[in-house]
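Residue-level structural notes
Each chain, letter by letter, is given below.
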Amino acid sequence: MVYRGVDLENIERFRVHRGSLGAGDHELIGVASRLVYDKAVDHALRAFALVSDRRPWLNLEVIGSGEEEVALRKLAANLNLSERMTFAGQLSHEETLAAVARYSVLVMPSLSVNEFYPNIMKEAMALRVPCVAYDLPGIRAFSISGGEVCLVKPGRIEQLAQRIFDILEDEE
């Protein structure tokens, strides 16, 4: 089976050199996904709440739209995250690449067994943005290929949060 690749020439123009980021940009993690149940974006919000207790300057950006958006906004409010996160909505491919390039971590909490080599993770890796994801068969190959992908047992929100925290600590 041949999987779709990414346009490295196009991605190169979005790459951000970590040393050139301002303090406000440096502490941004993100999710880029359809906002549907099996993508488990709520797990990213819950993990962010745990990490942000230890890193109050951290912000979260959620790119995407879908049927779970209203519920996710309510969850963000219930977790007192609304001031520290942004729902960016559906962005163009170019806008998404520019956003992901600024992230310290891309979070991919999908629980879908149909997740195979997601383009957003390939693009994040090409941008040298570390990824934290649930350990699913179609995602596991990323960690084997030597990319900066940390895998967590599916559904383990505390472990998801700890991996995000570890990556942020390692950047310092």
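Residues numbered from 1 in each chain as written. Predicted model: local features only at pLDDT ≥ 70, side-chain atom pairs only at ≥ 80, totals over all residues. Heavy atoms only, no water.

**Digging into the sheet that holds strand S4 (residues 105–108)**
Read from one edge to the other, the open sheet built from six strands follows the order S3-S2-S1-S4-S5-S6, with strand pairing classed as parallel. In this open sheet, the two strands that pair with only one neighbour each are strand S3 (85–89) and strand S6 (149–152). Here the strands of the sheet are splayed against their neighbours by 20° on average, with no regard to which way each runs. Summarising the sheet, strand S1 (residues 28–32) and S4 pair through two bridges and their orientation is parallel. By the bridge assignment for S4, Gly-30 is matched with Leu-106. (Pairing = 2+ DSSP bridges. Helix = DSSP H or I, 4+ residues; strand = E, 2+ residues; numbered from the N terminus. Axes fitted to C-alpha atoms, helices over the stretch in contact; angles between N-to-C directions.)

**Observations regarding the pattern of salt bridges**
Opposite charge on two side chains lets them pair, provided their charged atoms get close. Applying the stated criterion to the full structure yields seven salt bridges. Between Arg-55 and Glu-27 there is a salt bridge whose closest N-O contact spans 2.9 Å. Taken together, the positions of Arg-55 in the loop between helix H3 (41–54) and strand S2 (59–63) and Glu-27 in the loop between helix H2 (23–26) and S1 put the pair 28 residues apart, joining distant regions of the chain. Across this residue pair, the class does not change: Arg-55 and Glu-27 are buried. One salt bridge in this structure joins Arg-102 and Glu-61, with 3.9 Å as the shortest N-O distance. Here Arg-102 is found in the loop between helix H5 (93–101) and S4, whereas its partner Glu-61 is found in strand S2, with 41 residues between them in sequence. (Salt bridge = Lys/Arg side-chain N within 4 Å of Asp/Glu carboxyl O. Buried < 20%, exposed > 50% of the residue type's maximum accessible area, 1.4 Å probe, protein only.)

**As for the pairing of S1**
The element S1 is extensively covered by neighbouring structure, given that five of its five residues are classed as buried. Burial along S1 is two-sided: the residues Leu-28, Gly-30 and Ala-32 and Ile-29 and Val-31 are all buried. Looking at chain direction, S1 and S2 are connected through five bridges and run parallel. Residue Ala-32 lies in a different strand from S2, and its bridge partner there is Ile-63. Running through H3, the crossover from S1 to the neighbouring parallel element S2 is right-handed. (Right-handed = clockwise from strand over helix to strand, strands pointing away.)

**A short note on the packing of H3 against helix H8 (residues 157–171)**
The contact between H3 and H8 brings their axes to 8 Å, and the two run at 50°. For the element pair H3 / H8, the angle class is oblique. Judged by the twist between their axes, the crossing of H3 over H8 is right-handed. Judged by residue contacts, His-43, Ala-44, Arg-46, Ala-47, Leu-50, Val-51 and Arg-54 of H3 engage Ile-157, Glu-158, Leu-160, Ala-161, Gln-162, Ile-164, Phe-165 and Leu-168 from H8. Partitioning the contact of H3 with H8 into residue classes produces ten nonpolar, two polar and three charged. (Parallel < 35°, antiparallel > 145°, perpendicular 65-115°, else oblique. Left-handed = near helix turned anticlockwise from the far one by under 90°. Contact = heavy atoms within 4.5 Å. Nonpolar A, V, L, I, M, F, W, Y, C, P; charged D, E, K, R; others polar.)

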